[in-house]
Amino acid sequence: MYILGFESTCDETAAAVVKDGREVCSNVIATSVAEQALYGGVVPEIASRRHAENISAVAEKALADANLTMADIDAVAVTFAPGLIGAVLVGVNFAKGLAYAAGKPLVPVHHLRGHIAANYLTHPDLKPPFLCLVASGGHSHIVLVQDWCRYQILGRTVDDAAGEAFDKVARTLGLPYPGGPSVSQAARTGDPHAYRLPVPHVQGKYNVSFSGLKTAVVNEVHNAQQRGETVSVPDMAASFQERIAQILAKKLLAAAADNGAKTVCLAGGVAANGRLRQLVNDGVQKLGAKVYLPELKYCGDNGAMIAAQGYYEYLDDNLADWTLNGLPTLEIDYR
Ligand code: KG4
Ligand code: ZN
């Protein structure tokens, strides 16, 4: 079964064809990230406009790269929530129009479910149940994936998302957007123990909090400036990365141990972080469980992950009618 999947919740306009939820036939991404970097973050209006300009070409290329036409496609999947609403609506309306015109079923996909499904593309033997940390620019959740379309949230951030914290710290240190890759890059030559950053205390055993950590970095930089000194960017980047990766890994491993998880995964843009991958990989192996990490190219937003989850949503009879709307917020366990 061939699914054509669309993703447009942030600054990537993406379309992909995936066979039976596992085999990527094409994966096309147009991104406005370079333009957004000029402003130090995503300007929603710009994201929406670039989606509107690019989505037809991205769709055509996804079909052409897969050597298929709409006649070969069995269903159209689209991210309908959560995300920047103007951006989401471009994908939803394009997918809806295409599915309507071609007489194909329309499958609504939750963005974070898509991120989790990125793991199915890399690991043919992976199947629920498993435990997953989903960390992106807007969300940080520890989720028990009970079945293909059944989820239980065990923990979450009580303030900033992990990716958001990377982006804000990057800005404070004068590093470019997006912050994850630029902080990681700067951290390579830094000392992770140079700055003692706080470990946040938060209610809820598997919850996390990053706003205090971010403020500690901001204060450290400002205090240094007032003393006429400068903070070492590589050392601060490394110290911050070490702290946030330790926090995320510790909570995930505690949830894995307490719940007797046999399989643990990472998902979302922050899953590309090398230090986090290393800590989770080592920690899960120590627990005697299996660890699955998504390929780097499927960590960030893409259409293939949406088409992959779309396959399982289709099998679960989660189909949309022509009134499908986009939503800016929606819990992963909405259904
Ligand atoms: O999942 P994603 O592509 O989009 C959202 O759904 O938000 O995640 C984007 C986030 C950004 O905040 C970005 O800074 C972060 O993922 N990110 C990283 C890395 N690569 C991207 N964070 C840490 N380390 C990375 N290597
Ligand atoms: Zn995402």
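Residues numbered from 1 in each chain as written. Chains lettered and ligands numbered in written order. Predicted model: local features only at pLDDT ≥ 70, side-chain atom pairs only at ≥ 80, totals over all residues. Heavy atoms only, no water.

1. A closer look at helix H5 (residues 162-172)
Since the α-helix turns once every 3.6 residues, residues separated by three or four places project in the same direction. Quick note on the threshold: Categorising residues by exposure relies on relative accessible area from a 1.4 Å probe, with only protein chains included: less than 20% of the type maximum marks a residue as buried, more than 50% marks it as exposed, and the intermediate range marks it as partly exposed. Numbering of helices and strands starts at the N terminus; helices are DSSP runs of H or I of at least 4 residues and strands are runs of E of at least 2. The directions considered for the arc are those from the helix axis to the C-beta atoms.
Three or more residues of H5 are buried, namely Ala162, Gly163, Ala165, Phe166, Val169 and Ala170. Relative to the axis of H5, the buried residues are bounded by an arc of 160° and lie together on one face. Of the residues trailing H5, Gly174 is marked for its positive phi of about 75°.

2. Describing the domain arrangement of the chain
Rule in force here: What counts as a domain boundary in this text is fixed by an automatic or database domain assignment. Any pair of residues with heavy atoms lying within 4.5 Å of one another is described as a contacting pair. By convention, the term buried area covers the 1.4 Å-probe accessible surface removed from two parts as they join, with the contributions of both added.
Partitioning the chain into domains gives domain 1 (2-117 + 298-315) and domain 2 (127-296). Inter-centroid distance (C-alpha atoms) of domain 1 to domain 2 is 26 Å. Listed by partner, the interface residues are 20 residues for domain 1 and 22 residues for domain 2. Buried area between domain 1 and domain 2, both sides added, is near 1,700 Å², and the carbon and sulfur share of it is 70%. Ranking the residues of domain 1 by area buried against domain 2 places Leu112, Ile116 and Cys299 at the top, with a combined share of 38%.

3. Comments concerning the nonpolar core
Generally speaking, nonpolar side chains in soluble globular proteins are found buried as a group. Filter applied, for reference: Residues belong to a common nonpolar core when they are buried Ala, Val, Leu, Ile, Met, Phe, Trp, Tyr or Cys residues joined through side-chain atoms within 4.5 Å.
Counting 53 residues, the largest nonpolar core has Leu131, Phe210, Phe240, Ile244 and Leu276 as its most contacted members. Elements that contribute at least two residues to this core include exactly strand S6 (130-135), strand S7 (140-147), H5, helix H6 (179-187), helix H7 (211-226), helix H8 (233-258), strand S9 (263-267) and helix H9 (274-287). Ranked by residues supplied to this core, first place goes to H8 with 13 residues. When sequence neighbours within four positions are dropped, the list of residues in contact with Leu131 reads Ile142, Val143, Leu144, Leu154, Leu252, Ala255, Ala256, Ala261, Thr263, Val264 and Cys265. If you look at the next biggest cluster of nonpolar residues, it comprises 33 residues, including Val109, Tyr151, Ala304 and Ile332.

4. Observations regarding unusual backbone geometry
Glycine aside, a negative phi is what most residues show, and trans is what most peptide bonds show. The step from Ala81 to Pro82 runs through a cis peptide bond, and the omega angle for that step is -15°. Inspection of the secondary structure assignment puts Pro82 in the loop between strand S4 (75-81) and helix H3 (85-102). The amide bond that connects Pro128 to the next residue, Pro129, takes the cis arrangement and shows omega of 5°. Following the sequence through the fold, Pro129 ends up in the loop between helix H4 (111-122) and S6. Backbone geometry at Asp317 places phi at a positive 70°, although glycine is not the residue there. With respect to the secondary-structure elements, Asp317 resides in the segment after helix H10 (303-315).

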